[in-house]
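Here are the chains, one letter per residue:
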Amino acid sequence: MSLAESWDRYAAGNKPRRAVNAKGDTTWLNWTQYADHGPNESVLGPVAGRRVLKLGSGSGDNLAHLVTLGATGLGVDLAPTREKVARERWGNLPGLEFRTAEATAFLRGTDETFDVVLSIFGAVWFVDPDTLLPLIRSRLTRGGILAFSHLPPGGEGPKPAGAGLRHDRTPHEWERILTRHGFSDVRASLIDPPEGRAVGTMLVRALVA
Ligand SMILES: C[S@@+](CC[C@H](N)C(=O)[O-])C[C@H]1O[C@@H](n2cnc3c(N)ncnc32)[C@H](O)[C@@H]1O
C-alpha cells in the first residue's frame, strides 16, 4: 500500500469536526487532540495579511480558521481524499486553497514563500526533521514562524500501516534540532491534558531571524 493510500484509509475512520465549538464559534484553531482545549491561534501572533502553509492539512478546519481572520492559506496533504473533503468544506472561502502533495516534494518544487508554516499532528511528525526543516526554512520569509503540535514521545496516536516512522521528540530535543537548523527563539513545551486525561500535547514554535 502506498503512503497516500495508507493515510486515505486512516482518514476514512476519522469523524468530521463538530460544526460549532463550546463557545459557539463555527471556525477555530485547536493544537491538541482534545476538543475545546489548549491555546488558540494567538500562538502565531496576528495572522491578518499573512501567507500560511499547512503541511498535512487534513480536512482543512484549522487553516480555514486563520483565513477567516484575514490570512491566505495553502493546505498540502498527501492523501487525495483530504483535498476533496477540505474543498467540499471550505472551497467557498476566498484566499484558501488545497493541494494533494507530499510535504517535502511540495517544498522542493515551489518557489513561493510563506510567513507561517503550520503542522498539527501533520507532516512535521512524520518526516525526518533533518530533511524537512531545511526545506521549511528555505520557504519561510524573514521573521516567519514555524509552529507545530503532536503527541509527546511514547503516546499511542496515529501510525497508519505503511506510514513509516513517527518522529517523536521531547521539548528539549526539538529545541536542539531546530536551533541546529538555524531557527531562533525556539519555544517547545507540553500543554497539560484536560482533567481526567493522561496525555498532554507537544507544542513547538520557532522563528526565522
Ligand atoms: C494525523 S492526521 C492530522 C490531520 C490534520 N492536521 C488535523 O489536525 O486534522 C496527519 C495528516 O498528515 C498527512 N501527512 C502525513 N505525512 C505527510 C507528508 N509527508 N506530506 C503531506 N501530508 C502528510 C496525512 O495525510 C494526514 O492527513
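All of these numbers come straight from a predicted model, not from anything done at the bench.

Asks: Any chance you could break down the site of the ligand for me, citing the residues and the numbers?
Replies: In the region of the ligand, 19 residues are neighbours, and G56, D77, E102, A103 and I120 sit closest. A distance of 2.9 Å is found between a nitrogen atom of the ligand and a backbone nitrogen or oxygen belonging to G56. One nitrogen or oxygen atom from the side chain of D77 is found 2.5 Å from an oxygen atom belonging to the ligand. The fraction of the free accessible surface of the ligand (600 Å²) that becomes covered by protein chains is 87%. More than half of the atoms belonging to the ligand lie within 2 Å of the grid points that define the largest pocket. When residues of the shell around the ligand are traced back to their parent elements, those giving at least two are α1 (3-12) and α5 (123-126). Tallied by class, residues from the shell around the ligand come to 12 nonpolar, three polar and four charged.

Asks: Can you tell me about the packing of α1 against helix α3 (residues 80-90), naming the residues and giving the values?
Replies: Running from N to C, α1 and α3 cross one another at 45°; their axes reach a closest spacing of 7 Å. Between α1 and α3, the angle falls in the class oblique. For the pair formed by α1 and α3, the contact residues are A4, D8 and A11 on the first element and P80, T81 and R82 on the second. Residues that form the contact of α1 with α3 fall into these classes: three nonpolar, one polar and two charged.

Asks: I'd like to hear about the pairing of strand β3 (residues 96-100), residue by residue, with values.
Replies: Side-chain direction in a regular strand flips from residue to residue, so the side chains alternate between the two faces of the sheet. Here five bridges tie strand β2 (residues 72-77) to β3, and the two strands are oriented parallel to one another. Bridge pairing links V76 to R99 in β3. After leaving β2, the chain enters α3 and then returns to the sheet as β3, a path that is right-handed.

Asks: Explain the UniProt feature "domain: Methyltransferase type" (unreviewed entry) in the chain to me, using residue names and the numbers behind them.
Replies: According to UniProt, the feature "domain: Methyltransferase type" (unreviewed entry) maps to residues 53-148 in the numbering used here. Taken end to end, residues 53-148 is 43% helix and 31% strand, and its two terminal C-alpha atoms sit 12 Å from one another.

Asks: Let's hear about the pattern of salt bridges: which residues, and what values?
Replies: Under the counting rule described, the total for this entry stands at 12 salt bridges. Of the charged contacts, one joins R180 and D130 as a salt bridge, the two residues approaching to 3.2 Å between their closest N and O atoms. Here D130 lies in helix α6 (residues 129-139) and R180 lies in helix α7 (residues 171-180), a separation of 50 residues in the sequence. Note on R180: relative accessible area 55%, which makes it exposed. Among the charged side chains, a network of salt bridges with common partners joins R51, E97, R99 and E112.

Cut-off values and rules
Residues numbered from 1 in each chain as written. Predicted model: local features only at pLDDT ≥ 70, side-chain atom pairs only at ≥ 80, totals over all residues. Heavy atoms only, no water. Near = heavy atom within 4 Å. Polar contact = N/O pair within 3.5 Å; in protein donor to acceptor, adjacent residues only side chain to side chain. Areas by Shrake-Rupley, 256 points an atom, 1.4 Å probe, with all protein chains shown as cover. 1 Å grid on protein atoms, 1.4 Å probe; cavity = no way out; pocket = protein on both sides within 12 Å on 5 of 7 lines; lining within 4 Å. Sits in = over half its atoms within 2 Å of the grid points. Helix = DSSP H or I, 4+ residues; strand = E, 2+ residues; numbered from the N terminus. Nonpolar A, V, L, I, M, F, W, Y, C, P; charged D, E, K, R; others polar. Axes fitted to C-alpha atoms, helices over the stretch in contact; angles between N-to-C directions. Parallel < 35°, antiparallel > 145°, perpendicular 65-115°, else oblique. Contact = heavy atoms within 4.5 Å. Pairing = 2+ DSSP bridges. Right-handed = clockwise from strand over helix to strand, strands pointing away. UniProt positions renumbered as here; feature names shortened; annotations may be inferred. Salt bridge = Lys/Arg side-chain N within 4 Å of Asp/Glu carboxyl O. Buried < 20%, exposed > 50% of the residue type's maximum accessible area, 1.4 Å probe, protein only.

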